[in-house]
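Architecture at a glance
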Amino acid sequence: MKTAPLTSLTEVINARGTFTPLGVSRSSPVVGAAVADILSRYVIMDELQQIASRRLARFSGAEAATVTHCTAASITVSIATAMAGMSPERIAALPDTTGMTNGVVLPAGHCVNYGHSILQAVRLSGAKPILAGSSRICDASDIERQIEAHNACCLLLVSSKLVQIPSLNFSEAVKIAQKHGIPTIIDGAAQDFRIEELLQSGADLVLVSAQKYLMAPTAGLVIGNKRLVESVRAQEKGIGRGMKASKEAIAGLLACVEEREHLDLDAWKKMQDTKIADFAQRSGEMPGISANIEDDPTGLPFSRVYLSVDAAVAGLDASRLATALKSGNPSIWLIDSEVAGGRLGFELVHASNSEIEIILTRVSEILS
Ligand SMILES: *Cc1c(COP(=O)(O)O)cnc(C)c1O
């Protein structure tokens, strides 16, 4: 039997990045085949998780790793681990934290919202978020003060927010947590290219999404200290039950890790740079548009193009251009966080050359 393809879905070109409401990324046919293969089989999940742990450890240089449903899940279960460890009673009791140390210290400027507030992912475990510093300023002493003043079970840092708080040094923060005997967890959801660098800070666990730049099915990588990784897995008998990884997600992830290990990063970067330079040059020649190439602020190995729209010359402002692109067919999505300032961002890492042609043609048509 053959089922009908989902033809009624809106056709989308994604120039916005690894965005959850768009399905995040696209997997290769090889990954699709690995997923299809395991979907028709029974497996011993512990065996599959052990293989994943070894492969991800080799991939990242860490001691151990495990897989959860996604990074939001990883945040919750990693914090559960900091509170409950391997204790079956505590694992069963959560999110009731009676008798447990339950404060999670995080820099105020790291309170990201990736569809919901990270504070809710913390509270879901039963823990209590404790903010250190202000949204723009936080240093190691702010963190130390909060660890000392409260009953802290761990320190949570968000790697994409580090660039906004230059005063905070991850290694220093980790050392303070170590001094107080509590683990540090880094949310590095989109940072699969930088796992080793994040581990070098000394953090106990680094959390990464499989479905972002690794282009796997949705899954969460929990990488780091062996004892903690084992306790993360143990939370599946507690609040982690609804956050477990599926066999197909793990199989897809393993195929993606293999693809990444075989990736010629220099050649890949060159290809990305060429795409971006070409897009910037051609869009920058359009009336009322000036194009800027900007490196990823967190240190990911690619850049984005930002178009500044001069409404007087272009005939419409950035906001109306974005709306026109989105409402067409295919629907073109871009980075609109700076639209009020007249700027539109384009991330083309996962866009094909033919998709880029369509974007350029559409922008040009809308402007004329
Ligand atoms: C994407 C993201 C998350 C959530 O990851 P999921 O795998 O979608 O749950 C958490 N934190 C940051 C910083 C993110 O970018």
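Please refer to the structure placed before this passage.
Residues numbered from 1 in each chain as written. Predicted model: local features only at pLDDT ≥ 70, side-chain atom pairs only at ≥ 80, totals over all residues. Heavy atoms only, no water.

Structural notes on the overall build of the chain
- A tally of helices and strands in the chain yields 14 helices and 12 strands.
- Structurally, the chain occupies a C-alpha span of about 65 × 55 × 35 Å along its principal axes.
- The buried share of the chain, reckoned over its 368 residues, is 50%.
- Considering only contacts in the chain between residues 6 or more positions apart, those separated by 24 or more positions represent 70%.
- Taken as two groups, the 34 positive and 39 negative side-chain charges of the chain have centres that lie 5 Å from each other. (Helix = DSSP H or I, 4+ residues; strand = E, 2+ residues; numbered from the N terminus. Buried < 20%, exposed > 50% of the residue type's maximum accessible area, 1.4 Å probe, protein only. Contact = heavy atoms within 4.5 Å. Lys, Arg positive; Asp, Glu negative; His and termini not counted. Charge placed at Lys NZ, Arg CZ, Asp CG, Glu CD.)

Quick word on the packing of helix H1 (residues 29-39) against helix H10 (residues 247-261)
- The contact between H1 and H10 brings their axes to 8 Å, and the two run at 150 degrees. By the angle class used here, H1 and H10 are roughly antiparallel. Between H1 and H10 lies a crossing whose hand is right-handed. From H1, Val 30, Val 31, Ala 34, Val 35, Ile 38 and Leu 39 reach across to H10, where they touch Lys 247, Glu 248, Ala 251, Gly 252, Ala 255, Cys 256 and Glu 259.
- Considered class by class, the residues forming the contact of H1 with H10 number nine nonpolar, one polar and three charged. (Axes fitted to C-alpha atoms, helices over the stretch in contact; angles between N-to-C directions. Parallel < 35°, antiparallel > 145°, perpendicular 65-115°, else oblique. Left-handed = near helix turned anticlockwise from the far one by under 90°. Nonpolar A, V, L, I, M, F, W, Y, C, P; charged D, E, K, R; others polar.)

A word on the site of the ligand
- By nearness alone, every residue bordering the ligand is listed as Cys 70, Thr 71, Ala 72, Tyr 114, Val 158, Ser 160, Asp 187, Ala 189, Ser 209, Gln 211 and Lys 212.
- Measuring from an oxygen atom of the ligand, one finds a side-chain N or O atom of Gln 211 at 2.9 Å.
- Lys 212 is positioned such that a nitrogen or oxygen atom in its side chain is 2.8 Å from an oxygen atom of the ligand.
- With the chains in place, 86% of the 390 Å² that the ligand exposes on its own is no longer accessible.
- By residue class, the composition of the shell around the ligand is five nonpolar, four polar and two charged. (Near = heavy atom within 4 Å. Polar contact = N/O pair within 3.5 Å; in protein donor to acceptor, adjacent residues only side chain to side chain. Areas by Shrake-Rupley, 256 points an atom, 1.4 Å probe, with all protein chains shown as cover.)

Thoughts on the state of the cysteines
- Applying the stated criterion across every chain, the model contains zero disulfides.
- Residue Cys 138 stays outside any disulfide, its sulfur separated by 10 Å from that of Cys 111, the closest cysteine. (Disulfide = S-S within 2.5 Å.)

Remarks on the pattern of salt bridges
- As enumerated under the stated definition, the model contains 18 salt bridges in all.
- Salt-bridge contacts for Arg 26 lead to Glu 355; the nearest nitrogen and oxygen are separated by 2.9 Å. Of this pair, Arg 26 sits in the loop between strand E1 (12-15) and H1 while Glu 355 sits in helix H14 (residues 353-367), placing them 329 residues apart in sequence.
- The buried category is assigned to Glu 355, whose relative accessible area is 11%.
- Two residues, Arg 343 and Glu 338, come together in a salt bridge whose shortest N-O distance is 2.6 Å.
- Connected through shared salt-bridge partners, Asp 46, Arg 233 and Glu 236 make up one network. (Salt bridge = Lys/Arg side-chain N within 4 Å of Asp/Glu carboxyl O.)

Quick word on the sheet that holds strand E12 (residues 343-346)
- One open sheet accounts for three strands, arranged E9-E10-E12; its pairing is antiparallel. Of all the strands in the sheet, just strand E9 (289-295) and E12 have a single pairing partner and so form its edges. In this sheet, neighbouring strand axes are inclined to one another by 25 degrees on average, regardless of whether the strands run parallel or antiparallel.
- Sheet topology note: the strand E10 (residues 303-309)/E12 ladder contains four bridges and is antiparallel. The partner of Val 305 across the bridge, within E12, is Phe 346.
- Sheet strands in contact with helix H11 (residues 265-284) are E9, E10 and E12, and its direction is about 160 degrees off that of E9. (Pairing = 2+ DSSP bridges.)

A closer look at the side chain of Asp 296
- Within the fold, Asp 296 resides in the loop between E9 and E10.
- On the basis of relative accessible area, Asp 296 is assigned to the buried category, the value being 9%.
- Residues contacting Asp 296, with those up to four places away along its chain left out, are Phe 302, Ser 303 and Arg 304.

Let's talk about the packing of aromatic side chains
- As enumerated under the stated definition, the model contains four aromatic pairs in all.
- Between the aromatic rings of Phe 193 and Trp 268, the centroid separation amounts to 5.2 Å while the plane-to-plane angle is 35 degrees, which identifies the pairing as tilted. With a gap of 75 residues between them, Phe 193 in the loop between strand E6 (184-187) and helix H8 (195-199) and Trp 268 in helix H11 connect regions that are remote in the sequence.
- Given the relative accessible area of 14%, Trp 268 is considered buried. (Phe/Tyr/Trp six-rings, centres within 6.5 Å; stacked < 30°, edge-to-face > 60°.)

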